[in-house]
Amino acid sequence: MDALTPVITLHALATCYVLLLGPLQILRRRRDLAHRVLGTSWVTAILVVCISSFWIAPDGSSWLHGLSVWTLMCMVAAIVGIRAGNVGVHRGFMVGSYLGTLAAFAFAALVPSRLIPQLLRSEPLIVVATALGVGAIVLGVHLSVVRAAGRRPQHEPARAAN
């Protein structure tokens, strides 16, 4: 894993999106249309992170690949949970998946032989510019979706005939 391949680039960008959007979703109080739309984009990004991880080191696997499999199972459980109306199950699996992704990122960023520390030493401007760019995209998507969902007419409950 010495080079910045297209798969690693896709994996890194999706991971940045997941890590930056996660707290906005977790800490946002309203669970409305915006939460569902942003949540769908978050799940899509975490699927890209998990699936792409299997092509990063095709010759061997590590605990990170086990975490990818576990995260995929957690996404299924979270979606099944919320579809069944069980908010606690949904919240637990989603927050747990975010924390697992955060732990994997910390490992990738703190082990000197991994690509992130190598890039920070050799190309710090690219790393910072990429993180800021993804951050701007996340913020723009978040604000746009929240604003658009807020303008959507609310469904009024049906009134009983008198």
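Preceding block: the structure.
We now turn to the structure provided with this report. Predicted model only: the values in this text are computed from it and were never measured.

## Quick look at the overall build of the protein chain
So, step 1. A tally of helices and strands in the protein chain yields 6 helices and 0 strands.
So, step 2. Taken from the N to the C terminus, the helices and strands of the protein chain come in the order α-α-α-α-α-α.
So, step 3. Going through the 162 residues of the protein chain one by one, you find that 30% of them count as buried.
So, step 4. Contacts spanning at least 24 positions in sequence make up 66% of the contacts within the protein chain whose residues lie at least 6 apart.

## Focus on a nonpolar patch on the surface
So, step 1. Together, Leu47, Ile51, Phe54, Trp55, Val69, Trp70 and Met73 give the surface a local cluster of nonpolar side chains, amounting to about 700 Å² of exposed area.
So, step 2. Mapped onto the nonpolar patch, the elements with two or more residues apiece are helix H2 (33-56) and helix H3 (63-83).
So, step 3. Mapped onto the elements, Val69 comes out in helix H3.
So, step 4. Val69 gets classed as partly exposed once you look at its relative accessible area, which sits at 41%.

## Concerning helix H6 (residues 124-151)
So, step 1. The end-to-end C-alpha distance of H6 is 41 Å, a good match for the 40 Å that 28 residues give at a rise of 1.5 Å each.
So, step 2. Regarding H6, the residues found buried are Val134, Val138, His142, Val145 and Ala149.

## Describing the packing of H2 against H3
So, step 1. Packing of H2 against H3 brings their axes to within 9 Å, and their N-to-C directions diverge by 150°. In this view, H2 runs roughly antiparallel relative to H3, as classed from their interaxial angle. Here H2 and H3 pass one another in a crossing that is left-handed. On H3, the residues touching Trp42, Val43, Ile46, Leu47, Cys50, Ser53 and Phe54 of H2 are His65, Ser68, Val69, Thr71, Leu72, Met75 and Ile79.
So, step 2. In the contact of H2 with H3, the residues fall into 10 nonpolar, 4 polar and no charged.

## Observations concerning the environment of Phe54
So, step 1. Along the chain, the position of Phe54 falls in helix H2.
So, step 2. Accessibility expressed as a relative area gives 32% for Phe54, which makes it partly exposed.
So, step 3. In sequence terms Phe54 and Ala34 are 20 residues apart; their C-alpha atoms lie 31 Å from each other.
So, step 4. If near-sequence neighbours (up to four positions away) are discounted, Phe54 is found in contact with His65, Ser68 and Val69.

## Remarks on the layout of surface pockets
Taking a probe equal in size to a water molecule and rolling it over the atoms shows the remaining empty space.
So, step 1. Approximately 1,000 Å³ is the volume found for the largest pocket.
So, step 2. Forming the walls of the largest pocket are 39 residues, and the residues nearest its centre are His11, Ala12, Thr15, Ala108 and Ile116.
So, step 3. When contributions to the lining of the largest pocket are tallied by element, the ones reaching two or more residues are helix H1 (6-27), H2, H3, helix H4 (87-110), helix H5 (115-122) and H6.
So, step 4. Top contributing element to the lining of the largest pocket by residue count: H1, with 9 residues.
So, step 5. Grouping the amino acids of the lining of the largest pocket by side-chain chemistry returns 25 nonpolar, 13 polar and 1 charged.
So, step 6. Its boundaries defined by the atoms lining it, the second largest pocket holds a volume of some 590 Å³.
So, step 7. As for the second largest pocket, its lining consists of 21 residues, of which Gln25, His35, Gly39, His90 and Met94 are closest to the centre.
So, step 8. Of all the secondary-structure elements, those providing two or more residues to the lining of the second largest pocket are H1, H2, H3 and H4.
So, step 9. Of the residues belonging to the lining of the second largest pocket, the class tally is 11 nonpolar, 6 polar and 4 charged.

Procedures and definitions
Residues numbered from 1 in each chain as written. Predicted model: local features only at pLDDT ≥ 70, side-chain atom pairs only at ≥ 80, totals over all residues. Heavy atoms only, no water. Helix = DSSP H or I, 4+ residues; strand = E, 2+ residues; numbered from the N terminus. Buried < 20%, exposed > 50% of the residue type's maximum accessible area, 1.4 Å probe, protein only. Contact = heavy atoms within 4.5 Å. Patch = residues over 30% accessible without salt bridge, like charges linked within 9 Å, V, L, I, M, F, W, Y side chains within 5 Å. Areas by Shrake-Rupley, 256 points an atom, 1.4 Å probe, with all protein chains shown as cover. Salt bridge = Lys/Arg side-chain N within 4 Å of Asp/Glu carboxyl O. Expected span 1.5 Å × (residues − 1). Axes fitted to C-alpha atoms, helices over the stretch in contact; angles between N-to-C directions. Parallel < 35°, antiparallel > 145°, perpendicular 65-115°, else oblique. Left-handed = near helix turned anticlockwise from the far one by under 90°. Nonpolar A, V, L, I, M, F, W, Y, C, P; charged D, E, K, R; others polar. 1 Å grid on protein atoms, 1.4 Å probe; cavity = no way out; pocket = protein on both sides within 12 Å on 5 of 7 lines; lining within 4 Å. Points joined across faces, edges and corners; volume = space filled by probe spheres on them.

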